Amino acid sequence: MKYNRILLKLSGEALMGQQQYGIDASRLMQYAEEIKVAAATGTQVAVVIGGGNIYRGVQAEAFGLDRVQGDYMGMLATVINSMALQSALEKLGVKTRLLSGLTIQQVCEPYIRRRAMRHLEKGRVVIFGAGIGSPYFTTDSAASLRAIEIEADVVLKGTRVDGIYTADPEKDPEAVRFSNITFDEVMAKNLNVMDMTAFTLCKENNLPIIVFDMNTDGNLQRLLSGESIGTLVSMHPTDDAATASPSLQPATGSAR
């Protein structure tokens, strides 16, 4: 396989499927099946999943609630999603461990770096819940930080679109997809890949990011097998030119 250890970042919103909120059982099982196949190849898999299908900390301010309190509520939402994914994986016979940035000993282990790495070495899928356990940090930041801590080879950001575009492809039909792009180009073109804290962590630690469509069956396995899936963000240009023309002017892009 191309990667020995990966950190898979999934959005909470993706778990909604066609629903307005909550967890769609079919989408949850699809993700579990994809992760099962990936883990069966020998790749060590860690997962961070958001909680936007249940609650976001930034919603708190709109409701007149304290932002810090809202962020903690959002962390608990990620634990709910993590528990659901763990249950789905175990239903498929996959050994998992759920580690939390918050101490919730009745349902998950506290996050300890060495313990997480040992679980991965034993072939268990490790799910990181509750972000990093502190407010004002997104699950993107948690994914980047945990990937660096466990010495992952890459961050795979599974989204509902097939990569990074020159603009939001759901709003602009003329948007063009990049196959490869550098960290510096992403910043120069003001493309929306991750929040700045998460993105900077990856850049400073030379940790590549691949943004890809997780909702297409088999994409994760094809990516791990070495196929060119989605958009690769790295420190240096690769041999393959970007799909988008280099003469394009900077634009606000999307990788949702």
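As a starting point, this report considers the structure included with it. Note that residues are indexed from 1 along each chain, following the sequence as it is written. Predicted model: local features are reported for residues with pLDDT of at least 70 only, side-chain atom pairs are reported and counted for 80 or more only, and whole-chain, interface and lining totals are derived from all residues. The side-chain numbers reported here are obtained from all heavy atoms of the structure, hydrogens and water having been left aside.

## Comments concerning the pairing of strand S1 (residues 5–10)
Only protein chains enter the accessibility calculation, which uses a 1.4 Å probe. A residue is then buried if its area is under 20% of the maximum for its type, exposed if over 50%, and partly exposed in between. The secondary structure listing takes helices from DSSP runs of H or I that are at least 4 residues long and strands from runs of E that are at least 2 residues long, numbered from the N terminus. Judged by how many residues are buried, S1 sits mostly within the fold: six of six residues are covered. The two faces of S1 match: Arg5, Leu7 and Lys9 on one face and Ile6, Leu8 and Leu10 on the other face are all buried. Two strands pair when backbone bridges link them, and S1 and strand S2 (residues 44–49) are joined in this way by six bridges, in the parallel orientation. Note on S2: the bridge partner recorded for Leu7 is Ala46. Handedness of the crossover is the feature at issue here: the chain leaves S1, passes through helix H1 (residues 25–40), returns alongside S2, and the resulting connection is right-handed. Across five bridges, the pairing between S1 and strand S6 (residues 154–159) is parallel. Paired with Ile6 across the strands is Val154, a residue of S6. For two strands to be treated as a pair, DSSP must find no fewer than two bridges joining them. If you view a crossover with the strands going away from you and the path from the first strand over the helix to the second runs clockwise, you call it right-handed.

## Quick look at the packing of helix H5 (residues 139–149) against helix H7 (residues 196–204)
All axes here are fitted lines through C-alpha atoms, helices being fitted over the stretch that makes contact, and every angle between N-to-C directions spans 0 to 180 degrees. H7 packs onto H5 with a crossing angle of 20° between their chain directions and a minimal axis gap of 7 Å. Here H5 lies roughly parallel to H7, going by the angle between them. At the point where H5 passes H7, the crossing takes the left-handed sense. Where H5 abuts H7, its residues Asp140, Ser141, Ser144, Leu145 and Ile148 lie against Thr197, Ala198, Leu201 and Cys202. When residues are sorted by character, Ala, Val, Leu, Ile, Met, Phe, Trp, Tyr, Cys and Pro go into the nonpolar class, Asp, Glu, Lys and Arg into the charged class, and all the rest, Gly among them, into the polar class. Along the lines of polarity and charge, the residues of the contact of H5 with H7 split into five nonpolar, three polar and one charged. Throughout this description, any angle smaller than 35 degrees is read as roughly parallel, any larger than 145 degrees as roughly antiparallel, any in the 65 to 115 degree range as roughly perpendicular, and the remainder as oblique. Whether a crossing is left-handed or right-handed is set by the direction in which the near helix is turned from the far one by less than a right angle, anticlockwise for left-handed and clockwise for right-handed. Between two residues, a contact is recorded if the distance between any of their heavy atoms is within 4.5 Å.

## Structural notes on a nonpolar patch on the surface
A grouping of Phe63, Leu65 and Met73 is seen on the molecular surface, where their side chains present a nonpolar patch of about 300 Å² in accessible area. For Leu65, the position within the fold is in the loop between helix H2 (57–62) and helix H3 (67–91). Looking at Leu65, the relative accessible area reads 42%, which means it is partly exposed. The patches described consist of residues with a relative accessible area above 30% and no salt bridge, like charges being joined within 9 Å and nonpolar side chains (Val, Leu, Ile, Met, Phe, Trp, Tyr) within 5 Å. Throughout, the Shrake-Rupley method with a 1.4 Å probe supplies accessible areas, and for residues the shown protein chains are the sole cover considered. Should a side-chain nitrogen of Lys or Arg be within 4 Å of a carboxyl oxygen of Asp or Glu, the pair is scored as a salt bridge.

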